[in-house]
There are 2 protein chains.
Amino acid sequence: MAKLPPKTVERISQYRRVLAKYQTLSEPFIFSHDLASLLHLNPVQVRRDLMLLGTTGNYRNGYKVTELLKSIDETLTIPKSTQATIIGMGRLGESLLKHIGSSPVCPVMINSTFDINPKRINTTIRGIPCYDMTHAPEIIKEQKIKIAILTLYTEDIQAIIDILIDAGIEGFINYMAGPIKIPKGIYLKEYDIRTTLEEMSYNIHN
Amino acid sequence: MAKLPPKTVERISQYRRVLAKYQTLSEPFIFSHDLASLLHLNPVQVRRDLMLLGTTGNYRNGYKVTELLKSIDETLTIPKSTQATIIGMGRLGESLLKHIGSSPVCPVMINSTFDINPKRINTTIRGIPCYDMTHAPEIIKEQKIKIAILTLYTEDIQAIIDILIDAGIEGFINYMAGPIKIPKGIYLKEYDIRTTLEEMSYNIHN
DNA sequence: ATGAACTTGTTAATTGATTAACAAAAAATA
DNA sequence: TATTTTTTGTTAATCAATTAACAAGTTCAT
Ligand SMILES: NC(=O)c1ccc[n+]([C@@H]2O[C@H](COP(=O)([O-])OP(=O)(O)OC[C@H]3O[C@@H](n4cnc5c(N)ncnc54)[C@H](O)[C@@H]3O)[C@@H](O)[C@H]2O)c1
Ligand SMILES: NC(=O)c1ccc[n+]([C@@H]2O[C@H](COP(=O)([O-])OP(=O)(O)OC[C@H]3O[C@@H](n4cnc5c(N)ncnc54)[C@H](O)[C@@H]3O)[C@@H](O)[C@H]2O)c1
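Worth saying up front: this structure is predicted, and the values here are computed from it rather than measured. (Residues numbered from 1 in each chain as written. Chains lettered and ligands numbered in written order. Predicted model: local features only at pLDDT ≥ 70, side-chain atom pairs only at ≥ 80, totals over all residues. Heavy atoms only, no water.)

Asks: Which residues make up the protein's contact with DNA strand C, and what values do they have?
Replies: The environment of DNA strand C is formed by 22 residues, the closest being A:Ser32, A:His33, A:Thr56, A:Gly57 and A:Tyr63. When atoms of DNA strand C within 4 Å of the protein are sorted by moiety, sugar and phosphate together comprise 67%. Take A:His33: an N or O atom from its side chain is 3.4 Å from a phosphate oxygen of DNA strand C. Contacts to DNA strand C include B:Arg11, whose side-chain N or O atom sits 2.9 Å from a phosphate oxygen. The set of elements that each furnish at least two residues to the surface near DNA strand C consists of helix H2 (32–38) and helix H3 (43–53) of chain A together with helix H1 (6–23) and helix H3 (43–53) of chain B. (Near = heavy atom within 4 Å. Polar contact = N/O pair within 3.5 Å; in protein donor to acceptor, adjacent residues only side chain to side chain. Helix = DSSP H or I, 4+ residues; strand = E, 2+ residues; numbered from the N terminus.)

Structure representation (structure tokens):
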């Protein structure tokens, strides 16, 4: 299938989680406007996304939930699942790990995390071990981990990023502050709550 | 000044943090392409944003950092500062509070947080107290808090949102999973790391 | 049956965001 | 002094995302 627009991919991921919950109500069908309102979207946008996804609905009942979920799974879970890891198992890392683990279906698997704190190393959370950061390169290579979530607190993040890229990481989700350098072809996503706060403050007052 | 486009506001917030750090290098000027590369942006975009912001650079040296920062402050910090609060001081709430507190300049102030856990209530973090959630409405009204960061874990989030809106909250930054309802005119921003993971996985494999 | 009331699926139009293009200014170089 | 280099500021062009418009299918009520 043709490559989907980034915003569509983002929403499709959200559809899946909402639908998984909706399914527990044993409602076999859903209308585009219902799915839209659950996510504060426009119904046309939902239908357009689903068209791009290749699913088709029903004039009377809307979309069949099981079919929709199947179709989303096929699109997002290719190939099988991507391996991700969390670097820095402090408060944020632990919260994220538990949050991700709460997902019933997810095309991204976390099987290992890393830290430098001896109190953390060799402990497990929900069965997922925390390894010594010095072993990160070999474990990342061995497990073919492709995504690194950066939730550590350190002065020299750049050195760590370079090592991780060398070990095979192709995408970073970075929660640390401060500019970092990454070569072309490596994906990077950063969110800082301070930006969100400032944006919202601006909106409220303007 | 005219209302800035949302994406420009977002970037301006990032410029400020990067510039605050850059300033410590005692470099009085910065070029658009340097600021751009620190944030993985296009130099033209930076110049365009700064044009919209109303600042002006210098043909030889680029932009004067102190002037830039002053201009950003005036745009983002209106009026003075918005009050925000964190609902749910678990792992995530605590991490966020410390992270926000690490900002030298921020137009958003957090002076109170809330929880239901007796072990949390009446403790302080970096001098910021955690109050009993049952007192939230009165304190929010009294302190004119406008933004609520939702980092709690509960089954009935909707009831809490309704109470908070009633108390005067105009914007939510929600980390909880699951669809919520908010009336028109209330701002809402949600990020779920699972969506980011799935997006990135899709990008890596397509 | 006929039309009213829904809905989906899709193309077209609009809006928003990014990038390209280039004139104008200033200094450095030849 | 003329030319090259570099950078800003701004308009125009392009690209991306959203929304509008509407035909077509289906059921329900009359
Ligand atoms: N972007 C955001 O919105 C946001 C929100 C909250 C926190 N943060 C940031 O996230 C980071 C973590 O926050 P936290 O509250 O979990 O901090 P924390 O101090 O609780 O945890 C940091 C962890 O990183 C580990 N660590 C340090 N150096 C390491 C290394 N070289 N390799 C591996 N692990 C290492 C520490 O041992 C610790 O366990 C901070 O930098 C914070 O500023 C960002
Ligand atoms: N969106 C994301 O990317 C993301 C990432 C991490 C965590 N999360 C979510 O954030 C939430 C918090 O995660 P955490 O790791 O901090 O959990 P946690 O269990 O450590 O903290 C939850 C806190 O909320 C408090 N609480 C519960 N009910 C409350 C109420 N009615 N009023 C006020 N406080 C209340 C609890 O006492 C506790 O202190 C969870 O829902 C989690 O799924 C989301």
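Let's pick the thread back up.
Asks: Lay out the site of ligand 1 in plain terms, naming residues and giving numbers.
Replies: Residues in close proximity to ligand 1 total 20 residues, the closest being A:Leu92, A:Asp115, A:Tyr191, B:Ser95 and B:His99. The environment around ligand 1 is built from residues contributed by chains A and B. Interatomic distance of 3.2 Å between a backbone N/O atom of A:Tyr175 and a nitrogen atom of ligand 1. B:His99 is positioned with one of its side-chain polar atoms (N or O) 2.7 Å from an oxygen atom of ligand 1. Residue assignment for the shell around ligand 1 shows that the elements contributing at least two residues are helix H5 (91–101) of chain A together with helix H5 (91–101) of chain B. In terms of residue count, H5(B) provides more of the shell around ligand 1 than any other element does, 3 residues in total. When its residues are assigned to classes, the shell around ligand 1 shows 11 nonpolar, 6 polar and 3 charged. (Nonpolar A, V, L, I, M, F, W, Y, C, P; charged D, E, K, R; others polar.)

Asks: So, the interface of chain B and chain A: which residues are in play, and what are the values?
Replies: Listed per partner, the contact involves 67 residues of chain B and 67 residues of chain A. Buried surface at the junction of chain B and chain A, summed over both partners, amounts to about 6,200 Å²; 63% is from carbon and sulfur atoms. In this structure, the connection of chain B to chain A is made through 8 salt bridges. Within the residue set of the side of chain B that touches chain A, elements represented by two or more residues are H1, helix H4 (65–76), strand E3 (82–87), H5, strand E7 (145–150), strand E8 (171–174), strand E9 (187–190) and helix H8 (193–205) of chain B. (Contact = heavy atoms within 4.5 Å. Buried area = accessible area lost by both parts, 1.4 Å probe. Salt bridge = Lys/Arg side-chain N within 4 Å of Asp/Glu carboxyl O.)

Asks: Break down the packing of aromatic side chains for me, citing the residues and quoting the values.
Replies: A complete count under the given rule lists 3 aromatic pairs over all chains for this structure. Consider the rings of A:Phe114 and A:Tyr131, whose centres lie 5.9 Å apart with planes at 45°: the pair is tilted. With A:Phe114 in strand E4 (residues 108–115) and A:Tyr131 in strand E6 (residues 128–132), the pair connects residues that are 17 residues apart, well separated along the chain. Among the residues examined, A:Phe114 registers a relative accessible area of 0% and is labelled buried. The class for A:Tyr131 is partly exposed, based on a relative accessible area of 26%. Aromatic pair A:Tyr191 and B:Tyr191: ring centres 4.4 Å apart, planes at 35°, arrangement tilted. Here A:Tyr191 is found in the loop between strand E9 (187–190) and helix H8 (193–205), whereas its partner B:Tyr191 is found in the loop between E9 and H8 on a different chain. By relative accessible area, B:Tyr191 is classed as partly exposed at 22%. (Phe/Tyr/Trp six-rings, centres within 6.5 Å; stacked < 30°, edge-to-face > 60°. Buried < 20%, exposed > 50% of the residue type's maximum accessible area, 1.4 Å probe, protein only.)

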